[in-house]
Amino acid sequence: MTGGHDSSLFAIEKGKGMVAYRLYATSILVSTCLIWWYRATHIPSIGEKGRWLWIGISLAEIFTGLYWIVTQFPRLNPIYRHAFPDRLSQRYSDKQLPGVDVFVCTADPTSEPPSMVISTVLSVMAYDYPSEKLNVYLSDDAGSVLTFYALWEASEFAKVWLPLCRTYKIEPRSPAAYFSNIHSVPDTCRTKEWYYVKELYENMVIRINTVVKKGKVPEEVLANNNGFSKWNEGMTSKDHPSIVQILVDGKGYDAVEKDGIALPTLVYVAREKRPGQHHNFKAGAMNALIRVSSVISNSPIILNVDCDMYSNNSKCIREALCFLLDEEKGQNIAFVQYPQDFANLDYYDIYGNSLTVFMALDFPGVDGWGGPPYIGTGCFHRREVLCGRPYSKDYKENWAKGVARISGDTISDMEEGAKSLATCTFELDTEWGNGIGLKYGYPVEDVVTGLQIKCRGWKSAYCNPKRTAFLGLSPTTLEQCLVQYKRWGEGNLQIFLSKYNAFLVGHRKLRFGFIMCYYMYGLWPTTCFPAWYYVVIPSLCFLQGISLFPEVTSIWVLPFIYITSATYILSLAETVRFGGTIIGWWNFQRMWLIKRITSFSFATIDTVLKFLGWSEMSFSITGKVTDGNSKKRYEEGIIEFGSDSAYFVIIASVALFNLFCLVGGFGALLVNKEMERINKFFIQGFHCAILVVINLPVYEALFVRKDNGRFPFSVLVASLGLTMLVVLLPL
Ligand SMILES: *[C@@H]1O[C@H](CO)[C@@H](O)[C@H](O)[C@H]1NC(C)=O
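Here the residue numbering is sequential within each chain, running from 1 through the sequence in written order. Totals for whole chains, interfaces and linings use every residue, but because this is a predicted model, local features are given only for residues with pLDDT of at least 70 and side-chain atom pairs only at 80 or more, for both listing and counting. With hydrogens and water set aside, each side-chain value is computed from the structure's full complement of heavy atoms.

In the nomenclature of an unreviewed UniProt entry, the chain corresponds to Cellulose synthase-like protein E6 from the organism Rhynchospora breviuscula. UniProt positions are given in the numbering used here, feature names are shortened, and annotations may be inferred rather than shown by experiment. Turning to the chain, the UniProt annotation filed under Subcellular location (unreviewed entry) states: "Golgi apparatus membrane". In its Sequence similarities (unreviewed entry) section, the UniProt entry covering the chain states "Belongs to the glycosyltransferase 2 family. Plant cellulose synthase-like E subfamily."

Tell me about the site of the ligand, residues and numbers included.
What surrounds the ligand is the set Glu171, Pro172, Asn312, Arg467, Thr468 and Leu471. Polar contact is defined as a pair of N or O atoms within 3.5 Å, subject to the rule that within protein one atom must be able to donate a hydrogen and the other to accept it, and that residues adjacent in sequence are counted only when both atoms are side-chain atoms. Residue Thr468 places a side-chain N or O atom 2.6 Å away from an oxygen atom belonging to the ligand. Coverage of the ligand by the protein amounts to 52% of the 360 Å² it exposes when considered alone. Three categories are distinguished: nonpolar for Ala, Val, Leu, Ile, Met, Phe, Trp, Tyr, Cys and Pro, charged for Asp, Glu, Lys and Arg, and polar for the others, with Gly belonging to the last. Residues of the shell around the ligand, tallied by class, amount to two nonpolar, two polar and two charged. Whether a residue is near a molecule or strand depends on its heavy atoms: if one lies within 4 Å, it is near. Only the protein chains shown count as cover for residues, and all accessible areas are computed by the Shrake-Rupley method using a 1.4 Å probe.

Would you mind going over the environment of Pro74 in detail, with residue names and values included?
As for its placement among the helices and strands, Pro74 is situated in helix H2 (residues 51-76). Sequence spacing of Pro74 and Ile597 is 523 residues, and the spatial spacing of their C-alpha atoms is 25 Å. Dropping the residues within four chain positions of it, Pro74 is found in contact with Leu361, Asp362, Gly365, Val366, Trp369, Cys517 and Met520. Numbering of helices and strands runs from the N terminus, with a helix taken as a DSSP run of H or I at least four residues long and a strand as a DSSP run of E at least two residues long. Note on definitions: a residue-residue contact is assigned when non-hydrogen atoms from the two residues lie within 4.5 Å.

Can you lay out the UniProt feature "binding site: UDP-alpha-D-glucose" (unreviewed entry) in the chain for me, pointing to particular residues and giving the numbers?
Here, the residues flagged by UniProt with the feature "binding site: UDP-alpha-D-glucose" (unreviewed entry) are Glu112 and Asp141. These residues run over 30 residues, yet every pair of their C-alpha atoms falls within 11.4 Å of each other. Once residues lying within four places of it in the same chain are set aside, the contact partners of Glu112 are Thr106, Ala107, Val117 and Cys307. Within polar-contact distance, the side chain of Glu112 engages the backbone nitrogen of Ala107 at 2.8 Å. Take Asp141: it is sitting in the loop between strand E4 (134-140) and helix H5 (145-168). Think of it in three bands: residues with accessible area under 20% of the maximum for their type are buried, residues over 50% are exposed, and the middle band is partly exposed, with areas taken using a 1.4 Å probe on protein chains only. Under the relative-accessibility criterion, Asp141 is labelled buried at 11%.

Quick one: what's the story with the environment of Ser547, residue by residue and with numbers?
By the secondary structure assignment, Ser547 is in the loop between helix H18 (528-544) and helix H19 (557-577). For Ser547 and Leu53, which are 494 residues apart along the polypeptide, the C-alpha to C-alpha distance reads 9.8 Å. Here Phe549 takes part through its backbone oxygen, which lies 3.3 Å from a polar atom of the side chain of Ser547. One polar contact links the side chain of Ser547 to the main-chain carbonyl oxygen of Lys680, over a distance of 3.5 Å.

I'd like to hear about the sheet that holds strand E11 (residues 379-382), residue by residue, with values.
Strand order in the open sheet formed by eight strands is E5-E6-E4-E3-E7-E11-E9-E12, and the pairing between neighbours is mixed. Each end of this open sheet is capped by a strand with a single partner; those strands are strand E5 (243-248) and strand E12 (459-462). Neighbour to neighbour, the strand axes of the sheet diverge by 20° on average, direction disregarded. At least two DSSP bridges between two strands are needed for those strands to be called paired. The sheet contact formed by strand E9 (residues 333-337) and E11 spans three bridges and is antiparallel. Residue pairing in the sheet places Val336 in a bridge with Phe380 of E11. Axis geometry follows a simple rule: fit a line to the C-alpha atoms, using only the stretch in contact for helices, then measure angles between N-to-C directions, giving values from 0 to 180 degrees.

Rendered as structure tokens:
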């Protein structure tokens, strides 16, 4: 450990086993070069069958090898950070700690149920942090009275929930997560008071869900609470004025809990929406929150979390502050990023959603080159930096900053002031969305914002403690999952092709390794090209008797075997080491393939079309609500194929095509049992067989399953047609 002496608030540890890893990486590199050499020296001569296919597979292998080299950069230089919150408490009394504004963003009460949103809100309100320093803002981009109703209920419930958390040291502090897992609650907790709060919570959730189902807030609530008067008949989610309501004023007296301790400030914000006015999605919402909060609390630290991502560690703020408040090494840290972890991953992880290995190995590597990217949730920012401040050595943050409340200023005065900052027109002719706040115009606004901050001279820190700090929800249907990866892939490629390409904006300012880390994300979707080549051409050639690989008795098979086995063994070992299962790993391999031939392909096509200026011609694929049984199937590890999107036609066609090639290719080998032929086609046959085995669940969903998650008949017909077309292609 370096810098672990007594005064530091955090320590940095270098990764272990790097020599072994470098040896491994070198061996892969050597094998890759051998394969390239083999490809270059064995090209079929002009006029021979398969010459172009050979050149094609060589290009695919060159691309794969080069991309692999890029992906090695985050692996070469990992660092691990440890915070010392105890030292923070010794050095700063509660009074001296900086204020923290927590932003929670929600966009749609149907796909993000208000009862879930308020559990996240309650979990962050219950942070172990002085309440007068903590301010929670909920941005509701739907401007929905239902979400407001739920938040109002939550503000009442907080008065009993927060004291209970404190008394019984409850973890996690999301009531939904806590009460859904009560068999782990010790008996000493199960007092009368505890049962009382549990019942209050359950009744509240029932009330909220009823209101959401009906789509209407009860008359008696409307009559007794003038907060609801801001909604009227004519308002829609796309057309309404800005609404700012301070539900709890943490500095006033109405905020007192049962036992006389103040609650954190709680604010509901719905920025103005008007038809025809572009709202810039989440980036727009975040920027509105930055401004609104600046007149209510103006805390120097901003934490933002997605509405499905509850806090699983009430001490997390103190931990994150260690990085930002350290006088020696923390001065240049702009933000502290926590990993994205999911609460709903299970044993099977059928959609390969777990990012654990990636978060455990790649992000520390990026940290070693200058800090992780900002990934849009679970991140602590300095307000000043988000607002565009460049790094300078002499700058010292004023942690005591906050809003000086003018005496006599009422809540409604503040609300009025804040409302004017959340209008559609406020940002016109300003630097918001460009030099100030989150950047507009990119599907992954967070990544490009983080990059811009780095270019202003700041670093960032990655904090991945054993005890998970935030737990979110991963998609539970295949379609949602693929749509999400398309958006990620598209966003990163778009940045790569824009003026925010890490090399263009960052040469001279950023380290080379750091730029390569960004390229790893930026070029991610383009890996669809070699993937397509590899799922189609070798199998088709197997069927048609064209050999593309060395004979199995030749020495040249060795680099192929070595690369394949070494990389798969390593990835399996890494999965298991970080708590994954073997079956989860296997499912991940299937999803790896599926994401490349669907999400990433569409992402690449869309981005390139946009880049060429044909942005109208975009493939848009929308998710579809699935039936009630799909949740059960998810839990049983059964994949959901039940929709007729283009994605599913592709998945089914590739699977059927490989099955056809396998059967046909083996048939041909059986008819003509020459040893030489078998040697020649062994690798291709094996490759095709693996593709078939990995697609077993697809065949099951095509031919065997009877539930609603199987492929629709139309997809079966379309994919059979496509398969026939392709296998008949004369090569
Ligand atoms: C969430 O926090 C609890 C402690 O409250 C811990 O036992 C659990 O492991 C955490 N969850 C994850 C996924 O790390």
